[in-house]
Amino acid sequence: MEGGPALRTIAMPADTNPNGDIFGGWLLSQMDLAGGVAALRRAGGRVATVGIEAMTFHKPVYVGDEVSCFAHVEKVGRTSIRVRVETWVRRQRSAGDAIKVTEGVFTYVAIGEDRQPREVPPE
Ligand SMILES: CCCCCCCCCCCCCCCC(=O)SCCNC(=O)CCNC(=O)[C@H](O)C(C)(C)COP(=O)(O)OP(=O)(O)OC[C@H]1O[C@@H](n2cnc3c(N)ncnc32)[C@H](O)[C@@H]1OP(=O)(O)O
C-alpha cells in the first residue's frame, strides 16, 4: 500500500492469547483504529465502524514484533467509507523483510453529534 502506516506499535506480552502468540482480537482492534483514522480524515469528523469483511489472518504475530497497519480508502458512498486495511510486521531480532500478517475491509459510517449517519463531504 502507498504511503506510511496509519498506525504503528509494538506487540506486547499483555496482548497474547493462551498459546503465547498475539491475540487476534487485539490485532483487529489495531486495524479498526487504523481504518478509523483514514475514514475520519475522509469524513472530516466522527465515524463509527458498521461492518468488517474479508478478514484474513495469514501469519501469527509474536511478542516484540513491530506492527504496522496500512489503510487505503477504497470506496466512498453516501454516508459510508470502505477502507482496506493490511497489517505488516517486522520480527524482533530478524533482519528479514516485513511480512503481511492480516488484511480486511472495514466499513465506517460518517456520523454527526447525534450519532446518526451524515453525508460524507465531497473531497
Ligand atoms: C485527523 C486525524 C486525527 C487522528 C486522531 C484521532 C484518532 C481517532 C481514531 C478513531 C477511530 C475510530 C475507529 C473505531 C470506531 C468504533 O469503534 S465505533 C464502535 C463500534 N460501532 C458501533 O457501535 C456502530 C453501531 N451502529 C450504529 O450506530 C449504526 O448502525 C450507524 C453506524 C449509525 C449506521 O446507522 P444505520 O441506520 O444502520 O445506517 P444506514 O442508513 O442503514 O446505513 C448507512 C451506510 O452504511 C452502510 N452499511 C450499513 N450496514 C453495513 C454493513 N454491515 N456493511 C457495510 N456497509 C453497511 C449502508 O449501505 C449505508 O451506506 P451509504 O449508502 O450511505 O454509503
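The rules behind each value
Residues numbered from 1 in each chain as written. Predicted model: local features only at pLDDT ≥ 70, side-chain atom pairs only at ≥ 80, totals over all residues. Heavy atoms only, no water. UniProt positions renumbered as here; feature names shortened; annotations may be inferred. Helix = DSSP H or I, 4+ residues; strand = E, 2+ residues; numbered from the N terminus. Buried < 20%, exposed > 50% of the residue type's maximum accessible area, 1.4 Å probe, protein only. Near = heavy atom within 4 Å. Polar contact = N/O pair within 3.5 Å; in protein donor to acceptor, adjacent residues only side chain to side chain. Areas by Shrake-Rupley, 256 points an atom, 1.4 Å probe, with all protein chains shown as cover. Nonpolar A, V, L, I, M, F, W, Y, C, P; charged D, E, K, R; others polar.

Per an unreviewed UniProt entry, the protein chain goes by Acyl-CoA thioesterase and derives from Azospirillum isscasi. In its Sequence similarities (unreviewed entry) section, the UniProt entry covering the protein chain states "Belongs to the acyl coenzyme A hydrolase family."

Even without being a glycine, Ala54 presents a positive backbone phi close to 50 degrees. Examined against the element boundaries, Ala54 turns out to sit in strand β2 (residues 47-57). The backbone phi angle of Arg115 is positive, close to 70 degrees, even though this residue is not glycine. Counting through the fold element by element, Arg115 comes out in the segment after β5 (99-110). Residue class for Arg115 comes out exposed when judged on its relative accessible area of 60%.

A word on the site of the ligand. Close to the ligand lie 17 residues; Thr49, Arg78, Thr79, Ser80 and Val109 are nearest. A distance of 2.9 Å separates a nitrogen atom of the ligand from a polar backbone atom of Thr49. A distance of 2.6 Å is found between an oxygen atom of the ligand and a side-chain nitrogen or oxygen belonging to Ser80. Protein chains bury 47% of the 1400 Å² of accessible surface belonging to the ligand in isolation. Among the secondary structure elements, those contributing two or more residues to the shell around the ligand are α1 (24-43), β2 and β5. Split by residue class, the shell around the ligand holds seven nonpolar, six polar and four charged.

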